[in-house]
Amino acid sequence: MMRFHTYLAADALLPSRIQMAFTLAYHVIMVPLGVALPTYALLMNGIGIFKNDPVALRIARRWSVVMAVQFAVGAVTGTILSFEFGILWPRLMGRYGAALGLGFAIEGLAFFLEAIFIGIYLYGWTRLRPKTHFLLGLSLPPAGVLGTFSVLASNSFMQTPGGITLSSTGQLLNVDVLGVLFTRSLGYEFWHFLIAAYIAAGFVVASIYAVSWLRGRRDRYQRLAFAVPFTVAALLTPLQLVVGDLSARALVVDQPAKFAAMEITWKTRSHNPEYIGGLINGAGQVNFGIAIPSFDSILIGLNPDSVAPGLTAAAADARPSIAEANITHLAFDLMVGLGSAGVVLMVWYFVVLLGRRRLPQSRWFYRTASLAGIGSYVAIESGWATTEVGRQPWIVYNLMRVDDAVTTAPGSFVWAMLALLLVVYAVIAIIFVTVLLGLVTRWRHEDERQLVRAPEAGAPYGPRPELAADGSVRSSP
Amino acid sequence: MTAVLASSTAFVLLLTITAYSVAGGVDYGAGIWDLLAGRGARADRARALIEQAMAPVWEANNVWLVLAIVVCWTGFPLLFQSVFASLYPLFAFALLALILRGAFFAFRHVWTGPSGRRRTGVVFGISSVLAPFFFAAALGAIASGRVAVNGPNTPVWQACFNPTSIAFGLVSLAATAFIGASFLVGDARRFGMPDMTDYFRLRAVIATAVLIITGTIALAALGLENSRLLSAMLIGLGTPFAVAAVIATPVVGVLLWRGIFHWYRVLSVVVVGSLVFAWGFGQSPYLLPGQLTIAQSAAPPGAQVLLSIVTLLVVVLVLPSLGLLVYLDQRGALESQEG
């Protein structure tokens, strides 16, 4: 007990890492819809306007309400993250804030534009002419892309730092703005994540209407709301496989220790096998798992003679630990597996769509499609785990270690904060799900009874039905 | 050139803190009055008005907070490290209050039963009190001189909780209630609720008195702890803003007391803005009084240039679109009044 207490008071590193991982993993859930849902809503909005389709307009307007609700949650979880940089990693920001902050400063601008234009889009449905409303809405996708670029620019700096001049004592003397923003890994990190966001958002939205198909709803509303996001997401899956492959191969040069962890390679060698599953131990042996001889080397350079970097090429204290390497490897395998499953689903969909000129009608297709949403979120989480766990023990790759950046606050403080955050985040999740389910139930009810009401009436944010003079709330139009 | 850039970044930082104090203050203030409304038909009407007035905001005020954080760590990394290494408890508490507040505002809206609504409303109200208190206490802790480079020069808990930080927290509560009531008067008038206009008029006048009292106490606390800063606020760059706050506060009280509905909202913005400016300019050229100047903690020029560009873009892109959003919000209200 005594030892436990001493441990609690002494070390803030473990709880800080858990807290950062937890809050980031949670925030990442908000990101795909934040980045890509506006595009899908605008696509539907465009169909509605240019084909004069009231059903498409109704779908777009409902999606815009979901946009606003999830923006609010994302704004809160994002604000928490920005404070955690100070509460948990003050020394990181003290040393590299001027470089890391460049991307975040641009993100601040993007965040601002998103906040305002989501508001304008939500209010504009009844208060602007349809085309003006649509054109103003078109500023949302670029704002989402700008936000993605800026956050990924900051993350890429942590992976492959560049554009900085350091003094002999490691002080940051100068920053070259473009050099810091466009580091080596930005090219693949940015495209890989942007495509992932569009795939995940498309599949998760479509999966809701796949479920509604399974429950027997087969009208134009269901078909349209399923087909538009599903088609876009499916089209992007093979592209993602290519970008993902390029990313992995770039790591051989950019972050060899991370690549070694992803492939659980112990010693640098040619004819390196590819392990599917499997765990490496402290002696460098791989247990379980299926080994495909020389396949890793072939993936690296299309040649079994290609040399794959091993974990031992880096000093023991400068590479991921055994546990971290195994997490990185399994997360990587999971991501690749789910990505490949997405491609299979894409082929299935297009074979039916192009071969029979109609949407699939097999229950098994819609069962699979209804899992694609969750599957792509799991893929994003595991891809993110691959990137971040594989970067250990560095917070800024090869320049600053995580344990040199952590707060000097007592461990007990960070543990307590973590416990409170777990509770509070559970509450947020409950509210988020309650609000969304409430909206969905109400919309379904209205469709069945053919009621026409403003879709945002059940959301806690956005335009309100006007207050009557007696303080009662007038029923919405 | 570098010095000019760093000073302009410091000014941008002060502006974002001010914007958050004003926009967040209106919002938190509504939460405080929600908490204090009590029970009964009148309280229900007050809460309906508050909910109506706050609905368009949906956490967008956090943008100012995030901008302030980002400008701080990009423009003044050493300041950021020092402040957080010293005052992390205050920020953790403020953060928890901020999350609970947003969550329970939404929760109350979707909750159907009256007792559940009341309980969720209490959490919303209490967190509306705690968040501005802790944020302002952090500014007070900096003003007290206890935040030194790389960490506090006293134990962390003393750096966080001392006469100046607590006094700053109390002033912020009074100022928040003050600006919140003032804007709710405007909302009640806009929605045509004369009884609520009087209800919040009275509360704005009370908040004016409380603000004057807590402000005086805060000045006394600051005088005891950091007389250099106090004199810089009274005789120095902070002076015009201190004077503006001292004059504008009672003017708002008198205007609302006498039911003169002109300028009261602008003047309450002036009050809150002047209070923040009096602190900021009073401290200059120090970011941490007596410890760290703007020049000493300024990031390399590249970072300052990028921040200037982003600031310019915020002014060019964000302000007009914010104007459009406000216009749309108001226009809807006008339409329904005609109809």
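Residues numbered from 1 in each chain as written. Chains lettered and ligands numbered in written order. Predicted model: local features only at pLDDT ≥ 70, side-chain atom pairs only at ≥ 80, totals over all residues. Heavy atoms only, no water.

Counting its secondary structure elements, chain B contains 13 helices and 4 strands. In terms of overall size, chain B behaves like a compact globule, its C-alpha atoms giving a radius of gyration of 20 Å where 339 residues would be expected to give roughly 20 Å. Reported as C-alpha extents along the three principal axes, the dimensions of chain B are approximately 60 × 40 × 40 Å. The buried share among the 339 residues of chain B stands at 58%. (Helix = DSSP H or I, 4+ residues; strand = E, 2+ residues; numbered from the N terminus. Rg over C-alpha atoms; globule rule 2.2 N^0.38 Å. Buried < 20%, exposed > 50% of the residue type's maximum accessible area, 1.4 Å probe, protein only.)

So, about the overall build of chain A. When its secondary structure is counted, chain A shows 15 helices and 8 strands. Taken against the 2.2 N^0.38 rule, which gives 23 Å for 477 residues, the C-alpha radius of gyration of chain A at 24 Å falls within 12% of a compact globule. With respect to the principal axes defined by its C-alpha atoms, chain A has extents near 70 × 55 × 50 Å. Counting over 477 residues, chain A shows a buried share of 60%. With the model as given, the accessible surface of chain A reaches about 19,300 Å², and the carbon-plus-sulfur share is 68%. With 35 positive and 27 negative side-chain charges, chain A shows a separation of 11 Å between the mean positions of the two kinds. (Areas by Shrake-Rupley, 256 points an atom, 1.4 Å probe, with all protein chains shown as cover. Lys, Arg positive; Asp, Glu negative; His and termini not counted. Charge placed at Lys NZ, Arg CZ, Asp CG, Glu CD.)

The subject of this paragraph is the interface of chain B and chain A. On the side of chain A, 73 residues touch chain B, which itself brings 68 residues to the contact. Across the chain B to chain A interface the summed buried area is about 6,200 Å²; carbon plus sulfur atoms make up 80%. At the boundary of chain B with chain A, the tally comes to 0 salt bridges. Here chain B is connected to chain A by 1 residue pair in polar contact (both at pLDDT 80 or more). If you list the elements that add at least two residues to the side of chain B that touches chain A, you get helix H2 (41–54), helix H3 (62–75), helix H4 (77–110) and helix H13 (301–338) of chain B. Of the residues contributing to the side of chain B that touches chain A, the split by class is 53 nonpolar, 11 polar and 4 charged. (Contact = heavy atoms within 4.5 Å. Buried area = accessible area lost by both parts, 1.4 Å probe. Salt bridge = Lys/Arg side-chain N within 4 Å of Asp/Glu carboxyl O. Polar contact = N/O pair within 3.5 Å; in protein donor to acceptor, adjacent residues only side chain to side chain. Nonpolar A, V, L, I, M, F, W, Y, C, P; charged D, E, K, R; others polar.)

Next up on the list: the packing of helix H5 (residues 114–143) of chain B against helix H7 (residues 163–190) of chain B. Residues and elements named next belong to chain B. Packing of H5 against H7 leaves a shortest axis separation of 7 Å and a crossing angle of 135°. With respect to each other, H5 and H7 are oriented oblique. Judged by the sense of rotation from one axis to the other, the crossing of H5 with H7 is right-handed. Between H5 and H7, the residues in contact are Val129, Pro132, Phe133, Ala136, Ala137, Leu139, Gly140, Ala141 and Ala143 and Thr164, Ser165, Ile166, Phe168, Gly169, Leu170, Ser172, Leu173 and Thr176, respectively. Here the residues of the contact of H5 with H7 are counted per class, giving 12 nonpolar, 6 polar and no charged. (Axes fitted to C-alpha atoms, helices over the stretch in contact; angles between N-to-C directions. Parallel < 35°, antiparallel > 145°, perpendicular 65-115°, else oblique. Left-handed = near helix turned anticlockwise from the far one by under 90°.)

Our focus in this paragraph is the pattern of salt bridges. The tally for this structure, following the rule as stated, stands at 18 salt bridges over all chains. Ionic pairing is found between Arg62(A) and Asp447(A), a salt bridge with its closest N-O pair at 3.0 Å. With a gap of 385 residues between them, Arg62(A) in helix H3 (residues 54–88) and Asp447(A) in helix H15 (residues 411–449) connect regions that are remote in the sequence. Accessibility assignment for this pair places Arg62(A) and Asp447(A) in one class, buried. Between Glu225(B) and Arg146(B) there is a salt bridge, with its nearest N and O atoms 2.8 Å apart. Taken together, the positions of Glu225(B) in helix H8 (residues 194–225) and Arg146(B) in the loop between H5 and strand E1 (147–148) put the pair 79 residues apart, joining distant regions of the chain.

This brings us to the packing of aromatic side chains. Residue and element names in this part refer to chain A. Summed over all chains, the structure comprises 48 aromatic pairs over all chains. Measuring from ring centre to ring centre gives 6.3 Å for Trp63 and Tyr209, while their planes differ by 50°; the resulting arrangement is tilted. With Trp63 in helix H3 and Tyr209 in helix H8 (residues 186–214), this residue pair connects regions lying 146 residues apart in the sequence. Judged by relative accessible area, Tyr209 falls into the buried class, the value being 11%. Consider the rings of Tyr96 and Phe157, whose centres lie 6.3 Å apart with planes at 55°: the pair is tilted. (Phe/Tyr/Trp six-rings, centres within 6.5 Å; stacked < 30°, edge-to-face > 60°.)

Residues Ile87(A) and Leu87(B) are the most contacted members of the largest nonpolar core, which totals 253 residues. Not counting residues within four places of it along the chain, the set of residues in contact with Ile87(A) comprises Thr407(A), Phe413(A), Met417(A), Phe84(B), Tyr88(B), Phe91(B), Ala92(B) and Leu95(B). Judged by nonpolar contacts, the second largest core, of 10 residues, contains Phe259(A), Met262(A), Ala308(A) and Phe332(A). (Core = buried A, V, L, I, M, F, W, Y, C linked by side-chain atoms within 4.5 Å.)

Let's shift gears to unusual backbone geometry. Among all residues except glycine, the phi angle is most often negative; among peptide bonds, the trans geometry is most common. Following Gln392(A), the chain continues into Pro393(A) via a peptide bond in cis, with omega recorded as 0°. Relative to the helices and strands, Pro393(A) resides in the loop between helix H13 (363–389) and strand E7 (394–396). Of the consecutive residues Ser284(B) and Pro285(B), the connecting peptide bond is found in the cis state with omega at 5°. Even without glycine at this site, Arg357(A) takes up a positive phi of about 55°.

Attention now goes to a nonpolar patch on the surface. Where nonpolar side chains cluster on the molecular surface, the patch consists of Val305(B), Ile309(B), Leu312(B), Leu313(B), Val315(B), Val316(B), Leu317(B) and Leu319(B) and spans about 670 Å² of accessible area. Relative to the elements of secondary structure, Val305(B) occurs in helix H13. (Patch = residues over 30% accessible without salt bridge, like charges linked within 9 Å, V, L, I, M, F, W, Y side chains within 5 Å.)

In this section: the environment of Gly48(A). Residues and elements named next belong to chain A. Within the secondary structure, Gly48 is located in helix H2 (residues 13–50). Using a relative accessible area of 2% as the deciding quantity, one classes Gly48 as buried. For the pair formed by Gly48 and Ala257, sequence separation is 209 residues and the distance between their alpha carbons is 50 Å. If we skip the residues at most four places from it in the chain, Gly48 touches Asp53, Ala56 and Leu57.

Turning next to helix H10 (residues 239–257) of chain B. Residue and element names in this part refer to chain B. Here H10 is 19 residues long and its end C-alpha atoms lie 28 Å apart, about the 27 Å a rise of 1.5 Å per residue gives. Of the positions making up H10, those classed as buried are Thr239, Ala242, Ala245, Ala248, Thr249, Val252, Gly253, Leu255 and Leu256. In this structure, the buried residues of H10 make contact with H7, H8, helix H9 (227–234) and helix H11 (264–283). Backbone geometry just downstream of H10 places Gly259 in the positive-phi region, at approximately 70°. (Expected span 1.5 Å × (residues − 1).)

Between its terminal C-alpha atoms helix H12 (residues 322–356) of chain A stretches 51 Å, which fits the 51 Å expected from 35 residues at 1.5 Å a residue. At the C-terminal side of H12(A), Arg357(A) shows a positive phi close to 55°.

Residues and elements named next belong to chain A. Relative to strand E2 (residues 172–175), strand E1 (residues 164–166) runs antiparallel, the two being bridged by 3 bridges. The partner of Ile164 across the bridge, within E2, is Val175. Where E1 hands over to E2, the hairpin turn is made up of 5 residues, of which Gly170 adopts a positive phi near 90°. (Pairing = 2+ DSSP bridges.)

Residues and elements named next belong to chain B. In this model, chain B carries a mean pLDDT of 87, and residues with pLDDT of at least 70 account for 95%. Mean pLDDT values for the elements of chain B range from 76 in H13 up to 92 in H7. Predicted confidence is poor over residues 333–339, with pLDDT under 50, and the contacts of this stretch with residues over four places away or in other chains come to 5 contacts. (pLDDT = per-residue confidence, 0-100.)

Moving on, we get to the side chain of Arg146(B). Residue and element names in this part refer to chain B. Taking relative accessible area as the criterion, Arg146 reaches 17% and is therefore assigned buried. Side chain to side chain, Arg146 and Ser144 meet in a polar contact 3.2 Å long. Among the polar contacts made by the side chain of Arg146, one reaches the side chain of Glu225 at a distance of 2.8 Å. Ignoring anything within four residues of it in the chain, the contact list for Arg146 reads Ala141, Pro152, Asn153, Thr154, Gln158, Ala159, Asn162 and Glu225.

Quick look at the confidence of the model for chain A now. All names here are of chain A. On average, residues of chain A score 87 in pLDDT, and 92% of them are at 70 or above. The secondary-structure element of chain A with the lowest mean pLDDT is helix H1 (residues 2–10), recorded at 46, while helix H6 (residues 140–159) shows the highest, at 95. Of the regions scoring below 50 in pLDDT, residues 467–477 engages in 28 contacts with residues more than four places distant in sequence or in other chains.

With that settled, consider the packing of H2(A) against H13(A). Residue and element names in this part refer to chain A. It is at 10 Å that the axes of H2 and H13 come closest, and there the two elements cross at 135°. Classed by the angle they form, the pair H2 and H13 counts as oblique. When the axes of H2 and H13 are compared, the crossing they make is right-handed. Contacts between H2 and H13 involve Ala21, Leu24, Ala25, Val28, Ile29, Pro32 and Leu33 from the first element and Tyr377, Ile380, Glu381 and Trp384 from the second. Of the residues in the contact of H2 with H13, the class split is 10 nonpolar, no polar and 1 charged.

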